[in-house]
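Below are the chains, spelled out letter by letter.
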Amino acid sequence: MKVCILMGSPRKNGNTAALLEPFCDELTAGDHIYERIWLCDRKIAPCTACRVCQRDWSEFACRIRDDMQEIAGKVLEADLLVLASPIYSWYCTPPMKALLDRLVYGLNKYYGEKKGPSLWAGKKTALITTCGYRPEKGADLWEEGFRRYCKHSQLEYLGMLAERHLGYDTVFMDGDKAGRARAFARRLFRAAE
Ligand SMILES: Cc1cc2nc3c(=O)[nH]c(=O)nc-3n(C[C@H](O)[C@H](O)[C@H](O)COP(=O)(O)O)c2cc1C
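Each chain carries its own residue numbering, running from 1 in the direction its sequence is written. Whole-chain, interface and lining totals are the exception, using all residues; otherwise, since this is a predicted model, local features are given only for residues with pLDDT of at least 70 and side-chain atom pairs are given and counted only at 80 or more. The side-chain quantities take in all heavy atoms of the structure and omit both hydrogens and water.

Side note on the site of the ligand
Rules: Proximity is defined per residue: if any heavy atom of the residue lies within 4 Å of a molecule or strand, that residue is considered near it. As used in this structure description, the phrase polar contact means that two N or O atoms lie within 3.5 Å; if the pair is within protein, one of them must be able to donate a hydrogen and the other to accept it, and residues adjacent in sequence are counted only when both atoms belong to side chains. Surface accessibility follows the Shrake-Rupley procedure with a 1.4 Å probe radius. Residue values consider only the protein chains on display as shielding. Runs of E in the DSSP output that reach at least two residues are strands. Runs of H or I that reach at least four are helices, and both are numbered from the N terminus. As a working rule, the residues Ala, Val, Leu, Ile, Met, Phe, Trp, Tyr, Cys and Pro are called nonpolar, Asp, Glu, Lys and Arg charged, and the rest polar, with Gly in that last group.
Near the ligand there are 17 residues, and of these R11, N15, T16, I87 and T130 occur at the shortest range. Within the side chain of R11, one N or O atom sits 2.7 Å away from an oxygen atom of the ligand. Here an oxygen atom of the ligand sits 2.8 Å away from a polar atom, N or O, in the side chain of H165. Here the ligand, which alone exposes 650 Å², has 80% of that area covered by the protein. Secondary structure elements with two or more residues in the shell around the ligand: α1 (15–29) and β4 (124–131). Among the residues forming the shell around the ligand, the class breakdown is seven nonpolar, nine polar and one charged.

Right under this line is the structure:
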């Protein structure tokens, strides 16, 4: 399986990165190939709603020339798409939101004169997130928003791993969290088979 991990945290040694480590180890142990893309290192401009992308139903076709052409190609090639982001103000981080807006128009040809296809229909997706509040109060809106995004785009949503960060003076990672990250990876392989 080819896994594309879109990483929305700005912190290279932060909590979300630490949670991804055992998850990625399990992917490697299961002979799956993954690529992690740090969105904060990329140029991802906001969607301007020009709708030029709607005139071409064969590809992403966004008029803005930045790193999204390459990223959209990797998204289309992946068997499983994992969005990893800390929760910022009850949602994902800004580069992840910009990416979602670019993809929802660029890959869903729903917004032109005639309704066209979703170019990523059937794509399997999952979320990995870390948050300061309990996940039921911290990550629930992000998960619900992404569920609707998936339904609208005809993606298959497989679930979320959410872990709580109790404060910058505490150690985030522990054996239980690592175990849950590995188990989540195994659950995704089974669901994606
Ligand atoms: C600007 C900002 C906004 C945040 N907003 C929330 C929030 O709305 N809900 C929440 O549960 N945690 C919130 N947090 C806490 C982070 O989600 C949490 O510390 C996370 O583990 C950070 O991950 P990272 O180390 O990968 O950056 C916020 C943190 C920052 C810096």
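Regarding the nonpolar core
Using the following cut-off: Nine residue types can take part in a nonpolar core, namely buried Ala, Val, Leu, Ile, Met, Phe, Trp, Tyr and Cys, and a core is a set of them joined through side-chain atoms within 4.5 Å. Burial classes follow relative accessibility: with a 1.4 Å probe on protein chains only, a residue under 20% of its type's maximum area counts as buried, one over 50% as exposed, and anything between as partly exposed. In what follows, residue pairs with any heavy atoms lying within 4.5 Å of each other are defined as contacts.
Counting residues in hydrophobic clusters, the biggest one holds 37 residues, and the most contacted among them are L6, L99 and L103. Counting residues per element, the ones that place at least two in this core are β1 (2–7), α2 (68–77), β3 (80–86), α3 (94–106), β4, α5 (140–153) and β5 (156–164). Those residues in contact with L103, other than ones at most four positions away along the chain, are F60, M68, A72, V75, N108, W120 and Y149. Judged by nonpolar contacts, the second largest core, of 23 residues, contains I5, C24, A126 and L188.

In short, the description is geometric, and any link to function would need to be established separately.
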